[in-house]
Amino acid sequence: MADRVTVIGWDGSPLTAAARGALGAATLVAGAAHHLALPEVPPAAERVRLGSLPLAARRIAAHRGTAVVLADGDPGFFGVVRTLRAPEYGLEVEVVPAVSSVATAFARAGMPWDDAQVVVAHPRTLRRAVNVCRAHPKVAVLTAPGAGPAELGLLLEGVHRTFVICEELGTEREQVSVVTSDKAADHTWRDPNVVIVIGGPAGAAEGGGWIAGRDPGTGPRGWVQPDASYAVGTAHGPGGDRGNGPGGAAGGLGEGEKELLRAAQLARLGPRTGDLVWDIGCGAGAFAAEAARAGAAVIAVDHDPAACTRTEGTARRFGVQLQVVCGSAPHVLENLPEPDVVRVGGGGPAVVSAVADRRPRRIVTHAATRDAAERVGRDLTEHGYQVQCALIQSVELDTRAWTETERNVAFLLSGVLPDRAP
């Protein structure tokens, strides 16, 4: 095992005395090409080019001597410290930090970042990083080859964002560019880079927030809101959920949007940060807004333009990001990005079958009769989903006289794809 391992963060500034001392005593130095070219690296030291972090960690663990690892920014923030401290390598490290590349990027942009989400985009995590950019108004993306600004822009098709792209921070080749997301793929960007993705309503409250990233306490309390919260704005007439889902009276909610059914649907799907939710037959946008409040990216679909307008209004009132697509399912679904979980507000077995063909992890829908529920359940089973069905009945009472004012009954169906769970 190495006698001593020091991890030095580098942000382009002159090295501190502690960093110079550790580097001068090193018999092995690991880092990127621009780190290994620093004049402070001892000529006689073994040099390890950082590519695969686990491979480098094994070489450091097997080294007999003093090792130094150089890394951009703060190595304890999405950096090499986590890998080096993994139990399988048995390494104890000392860290000399520097300003993180995220902090530097926001400084170059002249923006605060305590209200920003920070994500890492590798080819395997790119899709989830994009979903965070869909769902949140301010996101910093630490990119990687194959998951950079061009790929982010391509996957954000249909959603307008502004990119602040910071290339090779701290070097002589540093460059900061501002482009719209649809133009990011028109250029070749140099690695490493950080992308600040901006769009939608402001994040933190005026005067600053109290917690880094997304404030979980914004908006009204409760996972679902009373029906009356959505019974305002533009009427969606006979459409709304109907055709792509059950509709409702002007200014009201359809049966498929009622509060207790929404709560059950939300519980079965469990949308979370990094997910993409389809809400097909969005009606007034009640479920879509609540899935977005959970941190997920949401695409709300309805064939009725009035319902789409109403959903956009709901999103504005609750301060959430939604992409609203007007069109009839299942045809309109063909060009949408792959979902993680889907609520089918209506459209019948044909829409459920088309959704199941896309293999989301979870699907939830409802039916008015047992026969309809059985048809949908059989189709989900044939697609390989594990199906659950429950008969949900809600009775609303006037608590002044304790008399019944409204009764709703629905069969709640959900399907979970075992090979993609959770």
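Predicted, not measured: the structure shown is a model, and the values here were computed from it.

S.K.: I'd like to hear about the confidence of the model for the protein chain, residue by residue, with values.
M.R.: Per-residue confidence for the protein chain gives a mean pLDDT of 91, with 93% of residues at or over 70. Here residues 233–243 scores under 50 on pLDDT; set against residues more than four positions off or in separate chains, the count is 42 contacts. Across residues 245–250, confidence stays below pLDDT 50; counting only partners more than four residues off in sequence or on other chains, it has 23 contacts.

S.K.: Explain a nonpolar patch on the surface residue by residue, including any values.
M.R.: Nonpolar side chains collect at one region of the surface, where Val-395, Leu-397 and Trp-402 lie side by side and expose about 320 Å² of accessible area between them. In this fold, Trp-402 is placed in the loop between β16 (386–398) and β17 (403–416). We classify Trp-402 as exposed; its relative accessible area is 60%.

S.K.: Which residues make up the packing of helix α11 (residues 349–357) against helix α12 (residues 370–382), and what values do they have?
M.R.: Here α11 crosses α12 at 20°, and the two axes come no closer than 10 Å. Classified by the angle their axes make, α11 and α12 are roughly parallel. Note on packing geometry: the crossing formed by α11 with α12 is right-handed. Judged by residue contacts, Pro-349, Val-352, Ser-353 and Ala-356 of α11 engage Arg-375, Val-376, Asp-379 and Leu-380 from α12. Within the contact of α11 with α12, the residues separate by chemical class into five nonpolar, one polar and two charged.

What counts, and at which threshold
Residues numbered from 1 in each chain as written. Predicted model: local features only at pLDDT ≥ 70, side-chain atom pairs only at ≥ 80, totals over all residues. Heavy atoms only, no water. pLDDT = per-residue confidence, 0-100. Contact = heavy atoms within 4.5 Å. Patch = residues over 30% accessible without salt bridge, like charges linked within 9 Å, V, L, I, M, F, W, Y side chains within 5 Å. Areas by Shrake-Rupley, 256 points an atom, 1.4 Å probe, with all protein chains shown as cover. Salt bridge = Lys/Arg side-chain N within 4 Å of Asp/Glu carboxyl O. Helix = DSSP H or I, 4+ residues; strand = E, 2+ residues; numbered from the N terminus. Buried < 20%, exposed > 50% of the residue type's maximum accessible area, 1.4 Å probe, protein only. Axes fitted to C-alpha atoms, helices over the stretch in contact; angles between N-to-C directions. Parallel < 35°, antiparallel > 145°, perpendicular 65-115°, else oblique. Left-handed = near helix turned anticlockwise from the far one by under 90°. Nonpolar A, V, L, I, M, F, W, Y, C, P; charged D, E, K, R; others polar.

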